[in-house]
Amino acid sequence: ESGVPLTGIYLLKVTSPDAAVVSEPLPPVAAVSQLLANIYPGWLTLPEARVALLDMVIALIGALPVERLSLPDGITRLSHVCDYLLARHA
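Residues numbered from 1 in each chain as written. Predicted model: local features only at pLDDT ≥ 70, side-chain atom pairs only at ≥ 80, totals over all residues. Heavy atoms only, no water.

Asker: Explanation requested: the nonpolar core in the structure shown.
Answerer: One broad rule of soluble globular proteins: the nonpolar side chains tend to lie buried together. Of all hydrophobic cores here, the largest spans twelve residues; its members are Ile9, Leu11, Leu26, Ala31, Val32, Leu35, Leu44, Leu53, Val57, Ile61, Leu64 and Val66. Contributing elements (two or more residues each) for this core: strand 1 (9–15), helix 1 (28–37) and helix 2 (47–63). Residue contacts for Val66: discarding those within four places in its chain leaves Ile9, Leu11, Glu24, Pro25, Leu26, Ala31, Leu35 and Ile61. (Core = buried A, V, L, I, M, F, W, Y, C linked by side-chain atoms within 4.5 Å. Buried < 20%, exposed > 50% of the residue type's maximum accessible area, 1.4 Å probe, protein only. Helix = DSSP H or I, 4+ residues; strand = E, 2+ residues; numbered from the N terminus. Contact = heavy atoms within 4.5 Å.)

The structure is reproduced here in structure tokens:
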């Protein structure tokens, strides 16, 4: 099995159906807090696991850009989102 390297992390922001597909970089502090907000903490019962997760998230944002990606509401514009991402990471 082969894969492709991860080249970025996008946090989605649903926008109006006619909005442009754009992305904006997130500062590291905002990226860490928003990534952690999307992790279910219930499965991390040990404090050591929570510290390890925080360390992993910090290392991840140090290695990859984290951006907020506008996602036009509705499936009709999904091809535009795909084209945008492919153009940025091809």
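Asker: I keep staring at the pattern of salt bridges and nothing clicks. Help me out?
Answerer: Any two side chains of opposite charge can pair if their charged atoms end up close together. Using the criterion set out here, one finds one salt bridge in the structure. Its salt-bridge partner being Glu67, residue Arg88 comes within 2.9 Å of it at the nearest N-O pair. Pair noted here: Arg88 is in helix 3 (residues 78–89) and Glu67 is in strand 3 (residues 66–72), with a separation of 21 residues, a long-range link. Assessed through its relative accessible area of 39%, Arg88 is described here as partly exposed. (Salt bridge = Lys/Arg side-chain N within 4 Å of Asp/Glu carboxyl O.)

Asker: What exactly am I supposed to notice about the sheet that holds strand 3 here?
Answerer: The strands making up a sheet associate through backbone hydrogen bonding, with each pair oriented either parallel or antiparallel. Across the sheet, three strands lie side by side as 1-3-2; this open sheet has mixed pairing. Every interior strand has two partners, whereas the edge strands, strand 1 and strand 2 (23–25), have only one. Adjacent strand axes in the sheet meet at a mean angle of 25° when their direction is disregarded. As defined by bridge partners, strand 2 adjoins strand 3 across three bridges and the pair is classed as antiparallel. Along strand 3, the bridge assignment pairs Glu24 with Arg68. Where helix 3 meets the sheet, it contacts strand 1, strand 2 and strand 3, and its direction lies at approximately 155° from that of strand 3. (Pairing = 2+ DSSP bridges. Axes fitted to C-alpha atoms, helices over the stretch in contact; angles between N-to-C directions.)

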